[in-house]
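Here's the letter readout for the chains.
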Amino acid sequence: MKNAETEVVTFNNVGLRYGADREVLSDVSFTLYPGSFYFLTGASGAGKTSLLKLLYLAQRPSRGMISMFGTDVITLPRTRLPAFRRRLGVVFQDFRLVPHLSAFDNVALPLRVSGVREADLHKPVTDMLDWVGLSHRSDAQPATLSGGEQQRVAIARAVIARPDMLVADEPTGNVDPDMALKLLRLFEALNRLGTTVVVATHDVHLLRKVPESLIMRLDKGRLSDPTGALRYPPRREIMPRDDDGQADDFGFAL
Amino acid sequence: MPWVIAIMVALTVIAAAGGLAMHNLAVTAQSELSGGATVQIVEASPTERNRQAQAAEILLAQHPAVASLRRVPDAELEQLLEPWLGTGSGPGLSTVSGAASDTDAIPVPALIDVRLRSAVTPGDLDSMRRLVAEQAPAARIDAQSSWLRPVFSAISSLQWLAFALVMLLGLTSGAAVWLASRSALGANRDTIEVVHLLGGTDSQIARIFQRSIALDATLGGTVGLLMGLAAVLLLGRQFAGLDSGMVAGGGLTGFDWLVLAAIPMVGIVIAVLTARLTVMLALRRML
Ligand SMILES: Nc1ncnc2c1ncn2[C@@H]1O[C@H](COP(=O)(O)OP(=O)(O)O)[C@@H](O)[C@H]1O
Ligand SMILES: [Mg+2]
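A brief structural summary. (Residues numbered from 1 in each chain as written. Chains lettered and ligands numbered in written order. Predicted model: local features only at pLDDT ≥ 70, side-chain atom pairs only at ≥ 80, totals over all residues. Heavy atoms only, no water.)

### Focus: the coordination of the magnesium ion (ligand 2)
All names here are of chain A.
Piece 1. Here the magnesium ion (ligand 2) is held by Thr49 (OG1) and Gln93 (OE1), and the distances to it run 2.0 to 2.4 Å. Of this pair, threonine 49 sits in helix α1 (residues 48-55) while glutamine 93 sits in the loop between β6 (88-91) and α3 (103-113), and the two are 44 residues apart along the sequence.
Piece 2. With a relative accessible area of 26%, threonine 49 lands in the partly exposed category. (Donors = N, O, S within 2.8 Å, 3.2 Å for Na, K, Ca; no water. Helix = DSSP H or I, 4+ residues; strand = E, 2+ residues; numbered from the N terminus. Buried < 20%, exposed > 50% of the residue type's maximum accessible area, 1.4 Å probe, protein only.)

Structural data, given as structure tokens:
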């Protein structure tokens, strides 16, 4: 447990294949540090979602080693995994809201799973719905919400329990640019509170919005390191920046 | 799903009630009949038959093994035999046409029902036969249980049949619940996966299903119990309508009613355990 404070996640030579197909991730090695903000980028089909699935413990790698909060999670008995999952917040690419629960109950789900009392639920959940601009849709079922509204409910659910690590898969794919920016600010606010944030996106414009972010890039299942995100300490200074201090050129095309 | 459970519970209640009634009937009849003997006076002449019957009554009353005895009144016999012999053929009437002749009547025996102090032994029967041989030569004495043996074995087969039915229905209910919770699991697969990924433990997720299945099973079990009890009461009245001395004692005791009321509870427990097992097995396949 000695490195629990210095490393959130470490991948070591991780490979993943679905069934007998070729590997969709190969030789993936990196370390994520507490309080950092990472973008995971790459073309569609590059393996972003697959890598995030390994991160949020929905999938076992075919080979390699993964440790989380200082514990090897590959050899861990599955009864101990829920405790790790509760320290994560996940925004799924397809939202995965529970269809027969209201927006309120969907957002409250992680708190209920962790055993928070009903009396202590109401305020944080309504505050969170307020934050994503959905307090008026609190009682709505997911099916009656627009794609963007569903995405905001999914994000509210992912951050409500103040996770140690937030993993978001294309979280701004269904919202207009203003809302995208607002959601990024929410992630940043959470990040400033100490949460490690990993956002997968194929939207290059998004990367510029978070100047202090580190970038990991997947290309056909292999990881490259345009901002030095995978080295420690991160070498942000190698990033060329334009006049408003934001990254301009990442040295690769999307 | 609640309807499947309702039907299963109703059928189980009916089968169990049948089995319990058969059991009670067997026990009562057994104890009643094993301590009983029947004296038949088979004699064509009514006056002679009457004389021998009275003599046998007086003699047997003094036998040490006899607790009580009762001449079955001719009117009662007549009623008993009516379905087979038609009206007007009883020992009370001489002939169908009302002719005066003594021997014209269909010879219906006189019957004496003897209760013994304990179960009938062949020795008792022999000594009773010797006692009446002289005064009532037409008397034939038999233990009641001997001629009822086929009835007993029929009752005991029915008991086993009812037991087997209850077992089969229990298995079928289990299978029905299993399939129902599997399909519920399939329909809610996404929900389960989400709660799983949010850090829900297997037990937490199983409890969600147990609750909803328990609700279904309680609803179905109550409706099924009411349907089953209604059917049992109706059937009971039909049998009571038969009012034959043999079927008396086939009723249900207070304990039996409790057993029937417990059937839906057992059903709920089976449903909840099956649901839990199904969900746990499905979750085991997720990381
Ligand atoms: N469950 C799966 N079974 C088989 N192949 C899959 C599965 N999920 C993803 N893939 C394949 O893995 C590759 C990477 O997919 P994915 O991780 O979704 O990429 P991205 O999120 O970057 O678009 C793709 O070729 C995709 O077809
Ligand atoms: Mg994807």
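### A closer look at the environment of isoleucine 213 of chain B
Residues and elements named next belong to chain B.
Piece 1. Tracing the backbone shows isoleucine 213 in helix α7 (residues 202-242).
Piece 2. On a C-alpha basis, the gap between isoleucine 213 and alanine 184 in space is 9.5 Å, while along the polypeptide they are 29 residues apart.
Piece 3. With near-sequence residues (within four places) excluded, isoleucine 213 lies in contact with Met1, Ser181, Ala271, Val272 and Ala275. (Contact = heavy atoms within 4.5 Å.)

### Some details on the sheet that holds strand β2 (residues 23-32) of chain A
Residues and elements named next belong to chain A.
Piece 1. Taken together, the four strands give an open sheet; going across it, the order is β2-β1-β4-β5, and neighbouring strands pair in antiparallel fashion. Each end of this open sheet is capped by a strand with a single partner; those strands are β2 and β5 (71-72).
Piece 2. Pairing of strand β4 (residues 63-68) with β5, which is carried by two bridges, proceeds in the antiparallel orientation. Its bridge partner being in β5, serine 67 is matched across the sheet by aspartate 72. (Pairing = 2+ DSSP bridges.)

### Some thoughts on the interface of chain A and chain B
Piece 1. Taken residue by residue, the interface counts 20 residues in chain A and 17 residues in chain B.
Piece 2. With both sides pooled, the region where chain A packs onto chain B buries about 1600 Å², and carbon together with sulfur makes up 63% of that total.
Piece 3. Linking chain A to chain B there are two salt bridges.
Piece 4. Of the charged contacts in the structure, one is a salt bridge between arginine 96 of chain A and glutamate 193 of chain B, with a shortest N-O distance of 2.9 Å.
Piece 5. Across the contact surface, chain A and chain B share eight residue pairs in polar contact (both at pLDDT 80 or more).
Piece 6. Residue contributions to the side of chain A that touches chain B peak at four residues, all from α3 of chain A.
Piece 7. In terms of residue class, the side of chain A that touches chain B is built from eleven nonpolar, two polar and seven charged. (Buried area = accessible area lost by both parts, 1.4 Å probe. Salt bridge = Lys/Arg side-chain N within 4 Å of Asp/Glu carboxyl O. Polar contact = N/O pair within 3.5 Å; in protein donor to acceptor, adjacent residues only side chain to side chain. Nonpolar A, V, L, I, M, F, W, Y, C, P; charged D, E, K, R; others polar.)

So far we have only geometry, and geometry alone does not tell us how the molecule works.
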